[in-house]
Amino acid sequence: FDIPEDHPTLQNIDNVVFSKDAKELIFYPPGKAGTSYTVPDGTKIIHDAAFNLCKLTSIEIPGSVETIESNALLSTGLTTVILHEGIKKFDAFPFQHCHALEEIELPASLTDVEINPFAYCSSLKNITVHENNPALAVTDGKLINRETKTFLCYPLASDEESYTVPDGIETIAQSAFDTAGLHELILPEGVKTLPPLYGCRNLERIVLPSSLESTSLHLSNGVELTQLTCVVKSGSFAEEYCKAYDLKYEYAE
């Protein structure tokens, strides 16, 4: 494609669409030749769906980039992602459906993450976070946000049958467990919110704490709700929720 030099808002840099001031990467053509790409230094924003379905297997993102927007690298073949210090924010699901991605390291500067960045990354085994990151951390291989007390990501290549969310967590992020192979999920006291658990086909038992205040568990497409047993405490919101949505439950000991 061609963008005239006098275009008021866009420019072409190596056949990639940028804003006129070169601070925003807007569109990387899916048919562009090559399997690796280095985002130019000086770029500040990678737009939503900018790399959607592109052929890249490797990308390097400089520290000048402050925000990677929603679904920016959706359904790419990435196996290598290099994120430099300076990146501050992930919007929703920037690496969703990157099925070849097995590991990733997050810089200390990246602190603004509220929703699972790696939803449906079926091969993801290992997440590491720079030790100086004040917000994000990895606990037992799982990504959490300590500042907001949010559980962000359960790596889908984990082979556990049972998992207990760490103490201190209050919120389970959207898609944090989607398509996980777990048979049992245990939520500790303190957890207040639980989204739907899409695609957790093996899930048979979930422990719901008395601290739970809201959930949409009944909307968990892909979960065999008839085979799922919720463990609740008498008089809790979780008990009333199970009664309201006709979910099988038993009382905690």
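Anyway, here's the lowdown on the structure attached to this text. Quick caveat, the model's predicted, so the values are computed rather than measured.

Position of Ser220 among the secondary structure elements: in the loop between strand S20 (214–215) and strand S21 (229–232). When its relative accessible area of 3% is taken as the criterion, Ser220 is described as buried. In this structure the side chain of Ser220 is engaged in a polar contact, spanning 2.7 Å, whose partner is the backbone oxygen of Leu217. Aside from chain neighbours lying at most four places away, what touches Ser220 is Pro196, Leu197 and Tyr198.

So, on to the packing of aromatic side chains. When we look at a pair of aromatic rings, we describe it by the centre distance and by the angle of the planes. Tallied over the full model, the rule gives 13 aromatic pairs. Ring centres 6.2 Å apart and planes at 50° place the aromatic pair Tyr163 and Phe177 in the tilted group. Taken together, the residues Tyr163 in strand S15 (residues 162–164) and Phe177 in the loop between strand S16 (171–172) and strand S17 (184–186) connect sequence positions 14 residues apart. Overall, Phe177 belongs to the buried group, its relative accessible area being 2%. On the basis of an interplanar angle of 80° and a centroid distance of 5.7 Å, the ring pair of Tyr249 and Tyr251 is categorised as edge-to-face. On the accessibility criterion, Tyr249 (28% relative accessible area) is partly exposed. Joined through ring pairs, the aromatic side chains of Phe151, Tyr154, Tyr163 and Phe177 make up one cluster.

Our focus in this paragraph is the pattern of salt bridges. One pass over the structure, following the stated rule, counts 12 salt bridges. In this structure, Lys125 engages Glu102 in a salt bridge whose closest nitrogen and oxygen atoms are separated by 4.0 Å. Taken together, the positions of Lys125 in the loop between strand S10 (103–106) and strand S11 (126–129) and Glu102 in the loop between strand S9 (89–90) and S10 put the pair 23 residues apart, joining distant regions of the chain. Across the pair Lys142 and Asp140 runs a salt bridge whose closest N-O atoms are separated by 3.9 Å. For Asp140, a relative accessible area of 56% corresponds to the exposed category. One connected set of salt bridges, linked through shared partners, spans Asp140, Lys142 and Glu160.

Below, the discussion takes up the sheet that holds strand S1 (residues 10–13). An order of S1-S2-S3-S5-S7-S9 is seen for the 6 strands of this open sheet, with the pairing classed as mixed. Across the chains shown, the open sheet's two edge strands, defined by having one partner strand only, are S1 and S9. Where strand S5 (residues 45–46) meets strand S7 (residues 67–68), 2 bridges bridge the pair, whose relative direction is parallel. Across the sheet, Ile45 pairs through a bridge with Thr67, a residue of S7.

Here we come to the nonpolar core. Counting 71 residues, the largest nonpolar core has Phe51, Leu106, Phe118 and Phe177 as its most contacted members. Once residues lying within four places of it in the same chain are set aside, the contact partners of Phe118 are Phe90, Phe95, Leu101, Ile104, Leu106, Leu124, Ile127, Leu143 and Cys153.

Mapped onto the fold, Leu73 is located in the loop between S7 and strand S8 (80–83). The exposure class assigned to Leu73 is buried, which follows from its relative accessible area of 1%. When the C-alpha positions of Leu73 and Glu114 are compared, they lie 17 Å apart, and in sequence the two are 41 residues distant. Ignoring any residue separated from it by four or fewer positions in sequence, one finds Leu73 in contact with Phe51, Ile59, Ile68, Leu78, Pro94, Phe95, Gln96 and Cys98.

With 2 bridges joining them, strand S2 (residues 16–19) and strand S3 (residues 24–27) adopt antiparallel strand pairing. Bridged to Val17 within S3 is Phe27. Relative to S5, S3 is paired through 2 bridges, and the arrangement is parallel. Bridge pairing links Leu25 to Ile46 in S5.

Rules used in this analysis
- Residues numbered from 1 in each chain as written.
- Predicted model: local features only at pLDDT ≥ 70, side-chain atom pairs only at ≥ 80, totals over all residues.
- Heavy atoms only, no water.
- Helix = DSSP H or I, 4+ residues; strand = E, 2+ residues; numbered from the N terminus.
- Buried < 20%, exposed > 50% of the residue type's maximum accessible area, 1.4 Å probe, protein only.
- Polar contact = N/O pair within 3.5 Å; in protein donor to acceptor, adjacent residues only side chain to side chain.
- Contact = heavy atoms within 4.5 Å.
- Phe/Tyr/Trp six-rings, centres within 6.5 Å; stacked < 30°, edge-to-face > 60°.
- Salt bridge = Lys/Arg side-chain N within 4 Å of Asp/Glu carboxyl O.
- Pairing = 2+ DSSP bridges.
- Core = buried A, V, L, I, M, F, W, Y, C linked by side-chain atoms within 4.5 Å.

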